[in-house]
Structure formats: C-alpha cells, structure tokens
Amino acid sequence: MSDDIEDMGPVDYLVVEFPGNRMTGEAFPLLIDLVDKGLIRILDLRFVQKDADGSVTALELTGLGDDVDSMGLAVFDGVSSELLDQEDLDEAGNALQPGNAAAILVYENRWAAPFARALRRSGAQMVASGRIPVQAILASIDAEEAAAGGQPPQ
C-alpha cells in the first residue's frame, strides 16, 4: 500500500452499530457494488461486540456464524491493511451500547483519487474534513420550516 499512497483518494472510516448483534446483511451487497464499480476500496473491515458487562471483543468473520455466506461477507474475509489496531477497536466498542455489535470499515474514496492527486501535485493539503449527519440536516430543515411558519424553505 505504501507504494501507491500518493495516488490514493481520501480515506474514511465508519463505525456501524447493530442493535442486539443483529446483522441482516441488506447493506453488504451494496458495499460490494461500490467496490466492484471502483468507487471505493476496502482497506479494513473488522467487527466488535460489546458485552452486557461493557467488555469489548473483536470478532472474526468466521465468528459471525453461518450468516457470513448468506450476507455476502465471505468476500471480505482477510481484508486488512493493518490500519486498525486494538486501541481503535476498543474506541469503536466504547461508542456501542452494551449487547450490540459493530462493523468498523476503513475505505479509500477511489472516485476522488484523481482530484486528490491533482491537489497534492499543486502543493495543496487538506486542513479540515468532516461529515454532516443526515439527522442534523433534517433538524436544520425542520427548524427552517418552523421559523418560516411551516412553509418549506425557498
């Protein structure tokens, strides 16, 4: 991976909580589709579980049971760039409610790689980044509508 670091797009991570350790697998074919289309590259996919006593345990794909094949997860078996360490897994686990599990996904935004390369070549550098949660956008729209007397914003 170090050979192509200059050619990489931005790298993001997600921690997705599954209440009651229940994974339906509905989103995994969509994730595979993003990879197949070359929009993202999965660098790490790990799973953790937070027990009722608050202890956090890393799970291997094989530890997820028979659902691995039915959810299409087998394609991710062994995917690891070693970017995530135990401290990262513990931190992700701390965000969970007891009795829940989570997937930790680290991925490269390949769609943005040409843009990122051009910026790096020109000497530009990223100084801030962020993500606005959908819930915050909806709350802002609701507040705007309430301030406008219930009318949608123009």
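What counts as what
Residues numbered from 1 in each chain as written. Predicted model: local features only at pLDDT ≥ 70, side-chain atom pairs only at ≥ 80, totals over all residues. Heavy atoms only, no water. Helix = DSSP H or I, 4+ residues; strand = E, 2+ residues; numbered from the N terminus. Buried < 20%, exposed > 50% of the residue type's maximum accessible area, 1.4 Å probe, protein only. Lys, Arg positive; Asp, Glu negative; His and termini not counted. Salt bridge = Lys/Arg side-chain N within 4 Å of Asp/Glu carboxyl O. Polar contact = N/O pair within 3.5 Å; in protein donor to acceptor, adjacent residues only side chain to side chain. Pairing = 2+ DSSP bridges. Patch = residues over 30% accessible without salt bridge, like charges linked within 9 Å, V, L, I, M, F, W, Y side chains within 5 Å. Areas by Shrake-Rupley, 256 points an atom, 1.4 Å probe, with all protein chains shown as cover. Charge placed at Lys NZ, Arg CZ, Asp CG, Glu CD. Core = buried A, V, L, I, M, F, W, Y, C linked by side-chain atoms within 4.5 Å. Axes fitted to C-alpha atoms, helices over the stretch in contact; angles between N-to-C directions.

With that settled, the discussion passes to the side chain of Asp 44. Note that Asp 44 resides in strand β2 (residues 40–50). Buried charged residue Asp 44 carries no salt bridge. Nearest counter-charge: Arg 46, at 5.8 Å. Engagement of the side chain of Asp 44 in a polar contact is seen with the backbone nitrogen of Leu 83, the distance being 3.2 Å.

Turning our eyes to something else, we now look at the pairing of β2. In terms of burial, β2 is a largely internal element, nine of the 11 residues being buried. Looking at chain direction, β2 and strand β4 (residues 101–109) are connected through nine bridges and run antiparallel. Among the inter-strand pairings, Val 48 is bridged to a residue of β4, identified as Ala 102. Bridging between β2 and strand β3 (residues 56–59) involves four bridges; their strand directions are antiparallel. Considered in β3, the bridge of Lys 50 is made with Val 56. A loop of five residues connects β2 with β3, the two strands running antiparallel in sequence, and Gly 54 in this loop sits at a positive phi of about 95°.

Once that is clear, we can look at a negative patch on the surface. A cluster of like negative charges, contributed by Asp 85, Glu 87, Asp 90 and Glu 91, occupies part of the molecular surface. Position of Asp 85 among the secondary structure elements: in the loop between α2 (67–70) and α3 (86–94).

Counting residues in each nonpolar core, the largest one holds 13 residues, and the members touching the most others are Leu 31, Ile 42, Leu 45, Phe 47 and Leu 105. Elements with a contribution of two residues or more to this core: α1 (28–36), β2 and β4.

Okay, the sheet that holds β4 next. The four strands are arranged β1-β4-β2-β3 in an open sheet whose pairing can be described as antiparallel. In this open sheet, the two strands that pair with only one neighbour each are β1 (11–18) and β3. When strand polarity is set aside, the average angle formed by the axes of neighbouring strands in this sheet is 25°.

Once that is clear, we can look at the pattern of salt bridges. If you walk through the whole model with that rule in mind, you get five salt bridges. Of the charged contacts, one joins Glu 108 and Arg 41 as a salt bridge, the two residues approaching to 2.8 Å between their closest N and O atoms. Of this pair, Glu 108 sits in strand β4 while Arg 41 sits in strand β2, and the two are 67 residues apart along the sequence. Judged by relative accessible area, Arg 41 falls into the partly exposed class, the value being 22%. A salt bridge links Glu 108 to Arg 110, with the nearest nitrogen and oxygen atoms 3.9 Å apart. With relative accessibility at 40%, the residue Arg 110 sits in the partly exposed group. Connected through salt bridges with shared partners, the residues Arg 41, Glu 108 and Arg 110 form a single ionic network.

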